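One letter stands for each residue in the lines below.
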Amino acid sequence: MSKNRRKNGNSIEISTFAKWGVIFTVIAVIGVSYVSMKNRLHQYGEQRRTLERELTVLRETNRAMASQIVILCSRDALQQKLDSGFIQMIPIPDDRIVRLEMNPQRSPSAELQAVSNQMGF
């Protein structure tokens, strides 16, 4: 009878145990991957929100600076700076002014003309 008991005894089947071990490992890897990807998406979303806030602040700063440039370059502001002595202006000599005609008459003999740019301060 000892042989019969041995045959009917509870034995662990390695194939079933290995199959369930592989299934559990695959499910665990998939779960850990899913959680890590969700965490990464959350981090990227936070970075994007932070960058969008910074971009909004920079755009507002640019708008404020552009309006300040317009104000500071206006004729009234420049005139006040000139009157207070902050800006000094000197007249431009006539020999340094180039005047262009709207409809210049071209001479047929000279299409190209030499131009001299002398700096004689």
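Here, residues in each chain are numbered from 1, in the same order as that chain's written sequence. In view of the model being predicted, local features appear only for residues whose pLDDT reaches at least 70, and side-chain atom pairs are presented and counted only at 80 or more, with totals across whole chains, interfaces and linings using the full set of residues. Excluding hydrogens and water, the side-chain values take into account all heavy atoms of the structure.

A. Local environment of the overall build of the protein. Here a strand is any run of E in DSSP of at least two residues, a helix any run of H or I of at least four, and the numbering for each starts at the N terminus. Scanning the protein from terminus to terminus reveals three helices and zero strands. Taken from the N to the C terminus, the helices and strands of the protein come in the order α-α-α. Each of the 121 residues in the protein was classed as buried or not, and the buried ones make up 1%. Buried residues are those whose accessible area, probed at 1.4 Å on protein chains only, stays under 20% of the maximum for their type, while exposed residues exceed 50% and partly exposed ones sit between those limits.

B. Broad picture of the pattern of salt bridges. Within this document, salt bridges are pairs made up of a side-chain nitrogen of Lys or Arg and a carboxyl oxygen of Asp or Glu, the two lying within 4 Å of each other. The tally for this structure, following the rule as stated, stands at two salt bridges. For Arg49, the salt bridge is made with Glu46, and the minimal N-O distance between the two is 2.5 Å. Here Arg49 and its partner Glu46 are both found in helix α2 (residues 14–72), three residues apart, which amounts to about one turn of the helix. Arg48 is the partner of Glu52 in a salt bridge, and the nearest nitrogen-oxygen pair spans 3.1 Å. One end of the pair is Glu52 and the other is Arg48, both in helix α2 and four residues apart, which spans about a single turn. In this structure Arg48 comes out as exposed when scored by relative accessible area, which is 57%.

C. Layout of the confidence of the model for the protein. Values of pLDDT, which run from 0 to 100, indicate the predictor's confidence residue by residue. This prediction gives the protein a mean pLDDT of 84; 75% of its residues lie at or above 70. Across the protein, α2 holds the top mean pLDDT of 95, while helix α1 (residues 2–7) sits lowest at 54.

D. Fine view of a nonpolar patch on the surface. Residues enter patches when their relative accessible area tops 30% and they take part in no salt bridge; the joining distance is 9 Å for like charges and 5 Å for the nonpolar side chains Val, Leu, Ile, Met, Phe, Trp and Tyr. Every accessible area reported is derived by Shrake-Rupley at a probe size of 1.4 Å, with residue values counting cover from the shown protein chains alone. Side chains of Ile12, Ile14 and Phe17 sit close together on the surface and give an oily, nonpolar patch of about 410 Å² of accessible area. Among the secondary structure elements, Phe17 is positioned in helix α2. Since its relative accessible area comes to 60%, Phe17 is described here as exposed.

E. How the structure looks around helix α3 (residues 75–84). With one of ten residues buried, α3 is to be regarded as a mostly surface element. Once α3 finishes, Gly85 follows within two positions and takes phi at roughly 90°, a positive value.

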